[in-house]
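Listed below, chain by chain, are the residues.
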Amino acid sequence: AQEPLSVGLAIGVAWALTSYLSHPSFYCSYVECCPSAERRLNATALKVQLDSKLFGQHLARDVVLKAVQGYSTNRSPKKPLALSLHGWAGTGKNFLSQILAEHVHGAGLRSKFVHLFLPTLHFPHHDKVKLYKDQLQTWIRGNVSACPHSVFIFDEMDKMHPGLIDAIKPFLDYYEQVDGVSYRKAIFIFLSNAGGDLINQAALDFWLSGKQREEMQLKDLEPMLSVGVFNNKNSGLWHSSLIDRNLIDYFVPFLPLEQKHVRMCVRAEMEARGYLVDEQIVQAVVEEMTFFPREQKLYSDKGCKTVQAKLDIHED
């Protein structure tokens, strides 16, 4: 038989060990946990990363930084943060959303609290829109219940069935709770090529007027962009209640990329691969890209989207 002192000591040690292992600071170092209400997004670190990695998008960088900084320091937001990113492919919409997700949840797109939706994968059939609406609401409700700081990214909104995205309207509205769940700490990001033509034309007109690209302000584009997306049947937000009810906080324009920005992308990709930057290779990749308008050849028609593939053929 064991002595009472030995049994008591063993129980005490076991209790202490269990308490230590179950403590959030220890547990969350091995298992991803939802951020606590006290944790604040590091806007300075986000700015540094956007400054060094997002090329040619001063508007998108400044707008998102302002929106996220204000949202993260607000202890009692009235609604979730909703950003709608617009522009042609390869201009940085996906890249920015990934960077933002990583600053909210360290694992980024791999995080169980970051949810990426692709219309062609998750909502492929036109005749099942009602089912998709129910599934989407259930999915968002369940994940925000598990983590109020969930991030939802809807890519390729221009391929979304008209009216489908309106299913999430109750979650974006100014309600304290919906069915006992608060959505005010969540972030919703919509990515779309819709409005890209309007943005490109505005950038070209700005250039033709002799103004510098960096002089463009959000007020020069956002009103036109929101109206254009609202009236575009292929935007995913056509006549959407999200726009009609002013539930999208910012329409973020991504400008077409110039040749100098493509060069930046090539250099960054070479550095990411551990290569020394060779300006001859940089120039060779740029020369394989196509630019518009035909006369001026100002803007890359694919942004930086094909840089990786084109750089592959120049590897030794």
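Residues numbered from 1 in each chain as written. Predicted model: local features only at pLDDT ≥ 70, side-chain atom pairs only at ≥ 80, totals over all residues. Heavy atoms only, no water.

### Comments concerning the UniProt feature "binding site: ATP" (unreviewed entry) in the protein chain
Phase 1: The UniProt record marks Gly87, Trp88, Ala89, Gly90, Thr91, Gly92, Lys93 and Asn94 with the feature "binding site: ATP" (unreviewed entry), using the residue numbering of this structure.
Phase 2: Take tryptophan 88: it is sitting in the loop between strand E1 (81–86) and helix H5 (93–104).
Phase 3: When sequence neighbours within four positions are dropped, the list of residues in contact with tryptophan 88 reads Lys93, Asn193, Gly196, Asp197, Asn200, Phe292 and Asp301.
Phase 4: You can see lysine 93 is positioned in helix H5.
Phase 5: Given a relative accessible area of 6%, lysine 93 falls into the buried group. (UniProt positions renumbered as here; feature names shortened; annotations may be inferred. Helix = DSSP H or I, 4+ residues; strand = E, 2+ residues; numbered from the N terminus. Contact = heavy atoms within 4.5 Å. Buried < 20%, exposed > 50% of the residue type's maximum accessible area, 1.4 Å probe, protein only.)

### Focus: the side chain of histidine 58
Phase 1: With respect to the helices and strands, the residue histidine 58 is situated in helix H4 (residues 58–73).
Phase 2: Polar contacts involving the side chain of histidine 58 include one to the main-chain carbonyl oxygen of methionine 216, which spans 3.0 Å. (Polar contact = N/O pair within 3.5 Å; in protein donor to acceptor, adjacent residues only side chain to side chain.)

### Topic: the pattern of salt bridges
Phase 1: Tallying each qualifying case throughout the model produces 13 salt bridges.
Phase 2: A salt bridge links arginine 61 to aspartate 51; the nearest nitrogen and oxygen atoms lie 3.6 Å apart. Placement of arginine 61 in helix H4 and of aspartate 51 in helix H3 (residues 43–53) is noted, with a sequence separation of 10 residues between them.
Phase 3: Under the relative-accessibility criterion, aspartate 51 is labelled partly exposed at 35%.
Phase 4: Arginine 273 is paired through a salt bridge with glutamate 269; the nearest N and O atoms lie 2.7 Å apart.
Phase 5: Relative accessible area serves as the criterion here: at 25%, arginine 273 is assigned to the partly exposed category.
Phase 6: One network of salt bridges, in which partners are shared, links Lys47, Asp51, Arg61 and Asp62. (Salt bridge = Lys/Arg side-chain N within 4 Å of Asp/Glu carboxyl O.)

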